[in-house]
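Understanding the architecture of this molecule
Spelled out from the first residue to the last, the chains are:
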Amino acid sequence: MVQLPADQVRSAANRLKRAQGQLAGVVRMLEEGRDCEDVITQLAAVNRALDRAGFAIVASGLKECLSQEGGADSLDTRKMEKLFLSLS
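Before going into details, it helps to say that this report is about the structure given with it. This is a predicted model, so every value here is computed, not measured.

Concerning the overall build of the protein
Helix and strand counts for the protein come out as three helices and zero strands. The order of helices and strands in the protein, counted from the N terminus, is α-α-α. Buried residues in the protein amount to 22% of all 88 residues. Restricting the contact set of the protein to residue pairs at least 6 apart, pairs at least 24 apart contribute 58%. Surface exposure of the protein reaches about 6600 Å², of which carbon and sulfur atoms provide 55%.

Here we look at the environment of Gly25
Turning to its location among the elements, Gly25 is positioned in helix α1 (residues 6-31). Separated by 17 residues in the primary sequence, Gly25 and Gln42 have C-alpha atoms spaced 8.2 Å apart.

Examining the environment of Leu16
Here Leu16 shows up in helix α1. A relative accessible area of 37% means that Leu16 is categorised as partly exposed. Between the alpha carbons of Leu16 and Val46 there is a distance of 9.6 Å; along the sequence they are 30 residues apart. Apart from the residues within four sequence positions on either side, Leu16 is in contact with Leu50 and Ala53.

Some points on the environment of Arg34
Summarising the element assignment, Arg34 is placed in the loop between α1 and α2 (36-67). Relative accessible area serves as the criterion here: at 43%, Arg34 is assigned to the partly exposed category. Those residues in contact with Arg34 that sit more than four places away from it in its chain are Met29 and Val39.

Remarks on the side chain of Ser60
With respect to the element layout, Ser60 can be found in helix α2. A polar side-chain atom of Ser60 sits 2.7 Å from a polar atom in the side chain of Gln8. If near-sequence neighbours (up to four positions away) are discounted, Ser60 is found in contact with Leu4 and Gln8.

Thoughts on a nonpolar patch on the surface
Residues Leu23, Val27, Ile40 and Leu43 make up a contiguous nonpolar surface patch of roughly 320 Å² in combined accessible area. If you list the elements that add at least two residues to the nonpolar patch, you get α1 and α2. With respect to the helices and strands, Val27 occurs in helix α1.

Calculation criteria
- Along every chain, residues carry numbers that run from 1 in the direction the sequence is written.
- It should be noted that, the model being predicted, local features are given only for residues of pLDDT at least 70 and side-chain atom pairs only at 80 or more, the latter also being counted only at that level, while totals for whole chains, interfaces and linings use all residues.
- Excluding hydrogens and water, the side-chain figures rest on all heavy atoms present in the structure.
- Only DSSP runs of H or I reaching four residues or more are called helices, and only runs of E reaching two or more are called strands; each is numbered from the N terminus.
- Remark: exposure states derive from per-residue accessible area (1.4 Å probe, protein chains only) relative to the maximum for the residue type, with buried under 20%, exposed over 50%, and partly exposed in between.
- Whether two residues are in contact is decided by their heavy atoms, any of which lying within 4.5 Å being enough.
- Note on areas: these come from Shrake-Rupley sampling with a 1.4 Å probe, and a residue is covered only by the protein chains present in the view.
- Polar contacts, as counted here, are pairs of nitrogen or oxygen atoms within 3.5 Å of one another; within protein the pair requires one atom able to donate a hydrogen and one able to accept it, and residues that are adjacent in sequence qualify only if both atoms are side-chain atoms.
- Patch membership requires over 30% relative accessible area and the absence of a salt bridge. Like charges are linked within 9 Å, and nonpolar side chains (Val, Leu, Ile, Met, Phe, Trp, Tyr) within 5 Å.
- Only one rule defines a salt bridge in this text: a Lys or Arg side-chain nitrogen within 4 Å of an Asp or Glu carboxyl oxygen.

The following block contains the structure:
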């Protein structure tokens, strides 16, 4: 099991918190009856923010795996591929 460094955890958590705030804004927009196009635009922004956070987490995990004893030889390629594909 790979543990991310504290600075990477903070960075990912901050990205997710921002996305959480954006999503709350989208919910408010829906409840207020805002224009559908505006809602979809903001929802797309939330989706991109979540994607970026996910990719950052996977990339940090990959970097940690490669820096551990065994390096690339100990990397579970299928597992990493599955993680990347789950975000696409």
